[in-house]
Amino acid sequence: MVKSNKNRYLLIVTVAMYVAFGLVTSVIGVIIDKFQTEYDLPLSIAALLPFAFYLSYGFFSVPFGILMDRSGARIVLLLGMILMTIGSFLFYVSNNYIVVILMIFLIGVGVTAIQTAGNPFIRGLDSPAKYTANLTMVIGVGALGYAFSPVLLPLIQNNGFSWNTVYLVFGVINAVLLALLYFAKFPEVTLLEEEKIKTSQTLSLLKNPLIIVYSIGIFLYVGAEVGTSSYILIFMNKVHGVSNQDSFWSAGSLWYSAFPSKSALIVALFWLFQALGRLIIAPLMKRIGERKIFIIHSLGTVIFLLIATLGSTTISLVSFALVGYFTCASFTSIFSAAIQSFDSNHGTISGILGTAIVGGAFVGWLVGAVGGIFNMQWAMVINLIAFTYVFMLAVWGKGKLDIQ
């Protein structure tokens, strides 16, 4: 049982914040083509949307960790919600593509703040013995935001609103959460010594070969995840001629009104399957072993992305959704293998690995640039190479997994 009703209230608000940043994260995959058409831009410029969003991790993961250490969770969480709220509203009213890109960056900074402060904050809301269960619950429920966001946009358009209205919705949601957070009474949360970021240790850790190899793994994994999920709609349109208005169901039916875009539905399933996959593999890791699960799923990611790249229309749609499932083990396995390989400085290592999420910016942009210059099948080869590195890390990486 949560320590008090006050803490239970804060836990519910925290879950809602995780859902909110899931919404603003995965929607990028279904607005790139809208953004490109609206402002008549080449794909290499439209690809700056995920670039701007994930660039924020590279700049702000460590600074927010230091601010959390010095000032506590409240200021970092409030700052995150303020930035997400302002960014969403300004995105909606903007009519300039440069401002839109800047607002995506601002929203990304807000998401970085919430993710950085969220995990230690959740630990302080309940007994330490329930921390893992609570964190799993928060992340699992928060994943609903990732899954729902891609189908929200076509639903809004199907009811006669412009595509950017989705950011008005996000702005209202974020503003409500900001108010709920502002008036909440925060408990005293003290960071454990291992959760603190020690800047004096950063340079020496950056020279460690294991940290380098696993940071590259995070960089490439997140990059390929973004480079795949963000371009499913564009891939299906350019390669198979499936527009964002094509549905699995006939117009006027109940299912059509709920899911008017088959490509957007696949993006939603990508994220939903990833979330469900994490719930599925959690008990399997104890029985089969973490490394075996990591190897099987990272190999599955490569295989199904290759099938999605070369397959027919139906096979591509199904395979892209299955890629989402098979990505479920990679991030947590890479992160855990690196952290568990060291007896101390876990906060600093976590900050370094968190900064490596900036791979979503660079690899994601490269996929869009190559897709614009050549074609989307060649663009997907970049993701295949990145996911192959992750598979090699699963097989030959020296990080510690399967610790009893």
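Here is what the cut-offs are and how they apply
- Residues take numbers from 1 onward in each chain, read along the sequence in its written order.
- Only residues with pLDDT of at least 70 get local features here, since the model is predicted, and only at 80 or more are side-chain atom pairs given and counted; chain-wide, interface and lining totals rely on the full set of residues.
- Side-chain numbers here rest on the full set of heavy atoms in the structure, without hydrogens or water.
- In DSSP terms, a helix is any run of H or I states spanning at least four residues, a strand is any run of E spanning at least two, and both are numbered starting from the N terminus.
- Here's how the labels work: a residue is buried when its accessible area is under 20% of the maximum for its type, exposed when over 50%, partly exposed in between, all with a 1.4 Å probe on protein chains only.
- We call two residues in contact whenever any of their non-hydrogen atoms come within 4.5 Å of each other.
- Only the protein chains shown count as covering a residue, and every accessible area follows the Shrake-Rupley method with a 1.4 Å probe.
- Patch building starts from residues that exceed 30% relative accessible area and form no salt bridge, then joins like charges within 9 Å and nonpolar side chains (Val, Leu, Ile, Met, Phe, Trp, Tyr) within 5 Å.
- By salt bridge we mean one thing: a side-chain nitrogen of Lys or Arg within 4 Å of a carboxyl oxygen of Asp or Glu.
- Only rings of Phe, Tyr and Trp enter the pairing, Trp through its six-membered ring, and a pair is recorded when the two centres are within 6.5 Å. The plane angle decides the type: under 30 degrees is stacked, over 60 is edge-to-face, the rest tilted.
- Only protein atoms enter the 1 Å grid, on which a cavity is a set of points fitting a 1.4 Å probe that cannot get out and a pocket is an open set with protein on both sides within 12 Å along at least 5 of 7 lines, lining residues being those with an atom within 4 Å of a point.
- Grid points are joined across faces, edges and corners, and a volume is the space filled by probe spheres set on the points.
- Under the grouping applied here, Gly and all other residues not named as nonpolar or charged are polar, the nonpolar ones being Ala, Val, Leu, Ile, Met, Phe, Trp, Tyr, Cys and Pro and the charged ones Asp, Glu, Lys and Arg.
- Only the stretch in contact is used when fitting a helix axis, every axis being a line fitted to C-alpha atoms; angles between N-to-C directions are given from 0 to 180 degrees.
- Angles below 35 degrees are treated as roughly parallel, those above 145 as roughly antiparallel, those between 65 and 115 as roughly perpendicular, and all remaining angles as oblique.
- Each helix crossing is assigned a hand: it is left-handed if the near helix lies turned anticlockwise from the far helix by less than a right angle, otherwise right-handed if that turn is clockwise.
- The bend reported for a residue corresponds to the angle between axes fitted to the seven residues ending at that residue and the seven starting there.
- In the analysis that follows, any N or O atom pair within 3.5 Å is treated as a polar contact, provided that within protein one partner can donate a hydrogen and the other can accept it, and provided that, for residues neighboring in sequence, both atoms belong to side chains.

Caption draft 1: Region of the structure containing the overall build of the protein chain. A count of helical and extended segments in the protein chain gives 19 helices and zero strands. Once the C-alpha set of the protein chain is aligned to its principal axes, its extents read approximately 55 × 50 × 35 Å. Considering the protein chain as a whole, with its 404 residues, one finds that 56% of them fall into the buried category. Contacts in the protein chain between residues far apart in sequence, at least 24 positions, make up 81% of those at least 6 positions apart. Just so you have it, the protein chain exposes about 17,000 Å², and 68% of that area is on carbon and sulfur atoms.

Caption draft 2: Molecular detail of the environment of Tyr214. Inspection of the secondary structure assignment puts Tyr214 in helix H10 (residues 209-229). Note on Tyr214: relative accessible area 2%, which makes it buried. Between the C-alpha atoms of Tyr214 and Leu265, which are 51 residues apart in sequence, the distance is 32 Å. Apart from residues lying up to four places away in sequence, Tyr214 is in contact with Ile334, Ala337, Ala338, Leu353, Leu393, Gly397, Lys398 and Gly399.

Caption draft 3: Quick look at unusual backbone geometry. Positioned with a positive phi, Asp40 is a non-glycine residue whose angle comes to about 55°. For Asp40, the location among the structural elements is in the loop between helix H2 (28-39) and helix H3 (43-46). Given a relative accessible area of 69%, Asp40 falls into the exposed group. If you check the backbone angles, Asn345 has positive phi at about 60° while not being a glycine. As for its placement among the helices and strands, Asn345 is situated in the loop between helix H16 (330-339) and helix H17 (346-355). For Asn345, a relative accessible area of 15% gives the class buried.

Caption draft 4: A look at a nonpolar patch on the surface. Together, Tyr9, Phe89, Val172, Val176 and Leu180 give the surface a local cluster of nonpolar side chains, amounting to about 390 Å² of exposed area. With three residues, helix H8 (residues 165-182) is the largest single contributor of residues to the nonpolar patch. Looking at where Phe89 falls in the secondary structure, it is placed in helix H5 (residues 73-93).

Caption draft 5: Region of the structure containing the packing of aromatic side chains. One pass over the structure, following the stated rule, counts 23 aromatic pairs. Centroid distance Tyr54 to Tyr57: 5.8 Å. Interplanar angle 20°. Geometry classified as stacked. Pair noted here: Tyr54 and Tyr57 are both in helix H4 (residues 48-71), with a separation of three residues, about one helical turn. Here Tyr54 matches Tyr57 in class, with each residue buried. An angle of 40° between the planes, with centres 6.0 Å apart, marks the rings of Trp249 and Phe259 as tilted. Of this pair, Trp249 sits in the loop between helix H11 (232-240) and helix H12 (254-258) while Phe259 is found in the loop between H12 and helix H13 (262-288), placing the two residues ten residues apart along the sequence. Taking relative accessible area as the criterion, Trp249 reaches 32% and is therefore assigned partly exposed. A relative accessible area of 22% means that Phe259 is categorised as partly exposed.

Caption draft 6: Inspection of the environment of Met285 at higher detail. Looking at the secondary structure, you find Met285 in helix H13. Residue Met285 is classed as buried on the basis of its relative accessible area of 18%. In this structure the C-alpha to C-alpha distance between Met285 and Asp402, which are 117 residues apart in sequence, comes to 8.2 Å. Excluding residues within four positions of it along the chain, Met285 makes contact with Glu290, Ile293, Ala329 and Ser333.

Caption draft 7: Layout of the environment of Ile266. Relative to the helices and strands, Ile266 resides in helix H13. As a C-alpha pair, Ile266 and Leu205 span 61 residues in sequence and 40 Å in three-dimensional space. If near-sequence neighbours (up to four positions away) are discounted, Ile266 is found in contact with Ile232, Phe248, Leu317, Phe320 and Ala321.

Caption draft 8: Focus on empty space enclosed by the protein. Per the counting criterion, the structure on display carries two cavities of 30 Å³ or more. Within this model, the largest cavity holds a volume of roughly 60 Å³. Per-class residue counts for the lining of the largest cavity are four nonpolar, five polar and no charged. Roughly 30 Å³ of volume is contained in the second largest cavity. As for the second largest cavity, its lining consists of Glu38, Tyr39, Phe91, Ser94, Val100, Trp163 and Asn164. Within the lining of the second largest cavity, the residues separate by chemical class into four nonpolar, two polar and one charged.

Caption draft 9: Quick look at the packing of H10 against H16. Two elements in contact, H10 and H16, have axes whose closest approach is 10 Å; the angle formed by their N-to-C orientations is 165°. By the angle class used here, H10 and H16 are roughly antiparallel. Handedness of the H10/H16 crossing: left-handed. Facing Leu210, Tyr214, Gly217, Ile218, Tyr221 and Val222 of H10, the residues of H16 in contact are Ser330, Phe331, Ile334, Phe335, Ala337 and Ala338.

Caption draft 10: Summary view of H11. Every buried residue of H11 is accounted for by Ile232, Leu233, Ile234, Phe235 and Met236. Gly241, located one to two residues past H11, shows a positive phi value of around 70°.

Caption draft 11: Broad picture of H13. Along its length, H13 shows its largest kink, about 30°, at Ile281, and proline Pro283 lies within four residues downstream of that point. With a side-chain oxygen lying 3.2 Å from the backbone nitrogen of Ala264, the N-terminal cap of H13 falls on Ser261. Downstream of H13 by one or two residues, Gly289 has phi in the positive range, about 115°.

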